[in-house]
Amino acid sequence: MPELKTAVRTNEGTDISPLMNTYNRWPISIVKGKGSYVWDDEGTKYLDFTSGIAVCNLGHAPEEVKKEVSVQLDKLWHCSNLYKIPIQEKLAKVLTENSFADRVFFCNSGAEANEAAIKLARKYAHEVKKAEKVEIVTFEQSFHGRTMASLSATGQPKLHEGFEPLVEGFHYLPYNDLDSLKEIDFLSPCAVMLELVQGEGGVVPADKEWVKQLAAICKENNILIMVDEVQTGIGRTGTLFAYEQYEIQPDVITLAKGLGSGFPIGAVLAKEEAAKVFGPGSHGSTFGGNPIASSAGYATVSHILNENILFTARSISAQLTESLNGLKEKYPVIEEVRGKGLLLGLLIPGKAADIITAARKEKVLILPAGQDVVRILPPLTATKEEIETFITILDSVFEKLYTVS
Ligand SMILES: *Cc1c(COP(=O)(O)O)cnc(C)c1O
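All of these numbers come straight from a predicted model, not from anything done at the bench. (Residues numbered from 1 in each chain as written. Predicted model: local features only at pLDDT ≥ 70, side-chain atom pairs only at ≥ 80, totals over all residues. Heavy atoms only, no water.)

This next bit is on the overall build of the protein chain. The number of helices and strands found in the protein chain is 13 helices and 17 strands. Over its C-alpha atoms the protein chain spans a radius of gyration of 22 Å, differing by no more than 12% from the 22 Å that the globule rule assigns to 405 residues. Considering only C-alpha atoms, the protein chain reaches an extent of 65 × 65 × 55 Å along its principal axes. The buried share of the protein chain, reckoned over its 405 residues, is 51%. The contacts of the protein chain with a sequence gap of at least 6 include a subset with a gap of at least 24, amounting to 72%. In the structure as shown, the protein chain presents an accessible area of about 19700 Å², 54% of it carried by carbon and sulfur atoms. Mean positive and mean negative side-chain charge positions of the protein chain (41 and 52 charges, respectively) differ by 4 Å. (Helix = DSSP H or I, 4+ residues; strand = E, 2+ residues; numbered from the N terminus. Rg over C-alpha atoms; globule rule 2.2 N^0.38 Å. Buried < 20%, exposed > 50% of the residue type's maximum accessible area, 1.4 Å probe, protein only. Contact = heavy atoms within 4.5 Å. Areas by Shrake-Rupley, 256 points an atom, 1.4 Å probe, with all protein chains shown as cover. Lys, Arg positive; Asp, Glu negative; His and termini not counted. Charge placed at Lys NZ, Arg CZ, Asp CG, Glu CD.)

Structure follows, in structure tokens:
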């Protein structure tokens, strides 16, 4: 028998993390979260205006979700999609009753939801349209996920680098560009996939007129409109879904981030006409719509709807936007305040990282969206006082960094 040698670990005896280095992690260890706050392992409390990247829309560990999940924990954790799962059907019902959609497919993340939507569009093209060309139009600076197909759909060359060959059949057009709409006629894709506020791409809202014209072209030519609401969905922009603010009827939307209040769950919502091409065996997921994640999703969506959380979110959005515009007046380094609802960004070319680091030292957590944009994502349940505290601290951060004395 050959001698079995224990591999020498390169990080043996060092403090190098055993995790792959896929994130530039900030030097704090978060161990607890409640409401709008998180605590690190030294007991320091931070005001969290990242919401775990638009995930904890009801704040951290909301009681209503905790209650529903606890009940489910005592009943059933997992059984696979080979059986009916009542809580999953309950969640699908609340999503369809409150949207354009007839049907729901559950998965575990945003990338997976987009992956499923892309597969659905291709099957629709082959089976319903009997199309010769099966192409999907997406937009420059978009972000649709990290799996091979959702990465290929993403219109950011820097994210593609090193991962070629990409999945074929994607065309990237300029976002918010009326001229680019003529291209759609020419390309005659089977589907168009877009975000209504580009999140990762810099908090860029879609222009309403552009979206309406885009949707009209799609309807005329039997092109599916697929809205990636992974970040904008579940109240983040002030309505349950962002498409409601654009006067369009999508064929498909995808959800994930805010859906489970932190429990991993993704979803594809579709009209019957598109959904019907998925039959038994055409797509699936072992964990998709798992009972625990579904109970978190059901509690999250029902609480938002029953307690009028969207109204609260819109009023604190107005307060926050006004205060941020006040800071813009005071500090010319801020070129623009933009976004929708509680998905807001400050355009500060080249300086996002400096501001975020300085804010963290003052116990406030915010995010970048590229190098030029500071992204602000409070929970929809943040209070007026928390917004005031946030603005006071952000003001002092700008004053320290950008006031010439
Ligand atoms: C975060 C995000 C995704 C990817 O979601 P994951 O859950 O990380 O796979 C896709 N689309 C948009 C718009 C996102 O913001």
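Once that is clear, we can look at the sheet that holds strand β14 (residues 343-347). Here we have 4 strands laid out as an open sheet, ordered β13-β14-β17-β16, and antiparallel in their pairing. Edge positions in the open sheet fall to β13 (336-340) and β16 (367-368), since each of these has one partner strand only. Bridge count between β14 and strand β17 (residues 373-376): 4 bridges; the pairing is antiparallel. By the bridge assignment for β17, L344 is matched with I376. Each of β16 and β17 touches helix α12 (residues 352-361); the most contacted strand, β17, lies at about 45 degrees to it. (Pairing = 2+ DSSP bridges. Axes fitted to C-alpha atoms, helices over the stretch in contact; angles between N-to-C directions.)

Split into domains, the protein chain comes out as domain 1 (63-306) and domain 2 (308-343 + 351-370 + 390-405). At the interface, 21 residues of domain 1 touch 12 residues of domain 2. Contact between domain 1 and domain 2 buries roughly 1400 Å² in total, counting both sides, with carbon and sulfur atoms accounting for 65%. Across the contact surface, domain 1 and domain 2 share 0 salt bridges. Counting the contacts that link domain 1 with domain 2 gives 7 residue pairs in polar contact (both at pLDDT 80 or more). (Domains from an automatic or database assignment. Buried area = accessible area lost by both parts, 1.4 Å probe. Salt bridge = Lys/Arg side-chain N within 4 Å of Asp/Glu carboxyl O. Polar contact = N/O pair within 3.5 Å; in protein donor to acceptor, adjacent residues only side chain to side chain.)

Let us now look at the nonpolar core. One finds L324, L346, I366 and F390 to be the most contacted residues of the largest nonpolar core, which totals 85 residues. The leading source of residues in this core is helix α11 (residues 309-330), at 7 residues. In this structure, this core is formed jointly by two domains, domain 1 (63-306) and domain 2 (308-343 + 351-370 + 390-405), each of which donates at least three residues. Look past the residues within four positions of L346 in its chain and what remains in contact with it is L324, I334, E336, V337, D372, V373, V374, I376, L394 and F398. Residues C107, A121, I136 and A149 belong to the second largest nonpolar core, which totals 26 residues. (Core = buried A, V, L, I, M, F, W, Y, C linked by side-chain atoms within 4.5 Å.)

In the vicinity of the ligand, the contacting residues are S109, G110, A111, N114, F143, H144, G145, E195, D228, V230, Q231 and K257. F143 has a polar backbone atom sitting 3.2 Å from a nitrogen atom of the ligand. Within the side chain of Q231, one N or O atom sits 2.7 Å away from an oxygen atom of the ligand. Looking at the shell around the ligand, its residues break down into 3 nonpolar, 6 polar and 3 charged. (Near = heavy atom within 4 Å. Nonpolar A, V, L, I, M, F, W, Y, C, P; charged D, E, K, R; others polar.)

Turning our eyes to something else, we now look at the UniProt feature "modified residue: N6-(pyridoxal phosphate)lysine" (unreviewed entry) in the protein chain. According to UniProt, the "modified residue: N6-(pyridoxal phosphate)lysine" (unreviewed entry) feature falls on K257. Mapped onto the elements, K257 comes out in the loop between β11 (252-255) and β12 (266-270). Here K257 falls in the partly exposed class, since its relative accessible area comes to 21%. Setting aside residues up to four positions removed in sequence, K257 forms contacts with I53, A54, V55, E200, V230 and Q231. (UniProt positions renumbered as here; feature names shortened; annotations may be inferred.)

The next point concerns the packing of α12 against helix α13 (residues 384-402). The description of two helices packed together rests on the angle between their axes and the distance between the axes. In the contact formed by α12 and α13, the axes pass within 10 Å of each other and the chain directions differ by 120 degrees. Here α12 lies oblique to α13, going by the angle between them. Note on packing geometry: the crossing formed by α12 with α13 is right-handed. For the pair formed by α12 and α13, the contact residues are D354, I355, A358 and A359 on the first element and L394, V397, F398, L401 and Y402 on the second. Along the lines of polarity and charge, the residues of the contact of α12 with α13 split into 8 nonpolar, no polar and 1 charged. (Parallel < 35°, antiparallel > 145°, perpendicular 65-115°, else oblique. Left-handed = near helix turned anticlockwise from the far one by under 90°.)

On to the packing of aromatic side chains, then. In total, this model carries 8 aromatic pairs according to the counting rule given. Ring geometry for F139 against W210: centres 5.1 Å apart, planes inclined by 80 degrees, an arrangement best described as edge-to-face. Within this pair, whereas F139 is found in strand β5 (residues 136-139), its partner W210 is found in helix α8 (residues 208-220), the two being separated by 71 residues in sequence. The two residues F139 and W210 agree in class, both being buried. Between Y175 and W210, the ring centres sit 5.2 Å apart and the planes meet at 70 degrees, which makes this aromatic pair edge-to-face. Of the two residues, Y175 is situated in the loop between β6 (170-173) and α7 (180-187) and W210 in helix α8; the sequence distance between them amounts to 35 residues. (Phe/Tyr/Trp six-rings, centres within 6.5 Å; stacked < 30°, edge-to-face > 60°.)

Turning to the packing of helix α3 (residues 86-97) against helix α10 (residues 291-306), a few remarks are in order. Where α3 meets α10, the closest approach of the two axes is 8 Å, and the angle between their N-to-C directions is 30 degrees. The two elements α3 and α10 meet at a crossing, and its hand is left-handed. Contacts between α3 and α10 pair I87, Q88, K90, L91, V94 and L95 from the former with P291, S294, S295, G297, Y298, V301 and L305 from the latter. Counted by class, the contact of α3 with α10 contains 8 nonpolar, 4 polar and 1 charged residues.

Spatially, β1-β2-β3-β15 is the arrangement adopted by the 4 strands of the open sheet, whose pairing is mixed. Lying at the two open borders of the sheet, with one neighbouring strand each, are β1 (30-34) and β15 (364-365). Across 4 bridges, the pairing between β1 and strand β2 (residues 37-40) is antiparallel. Bridge pairing links G33 to V38 in β2.

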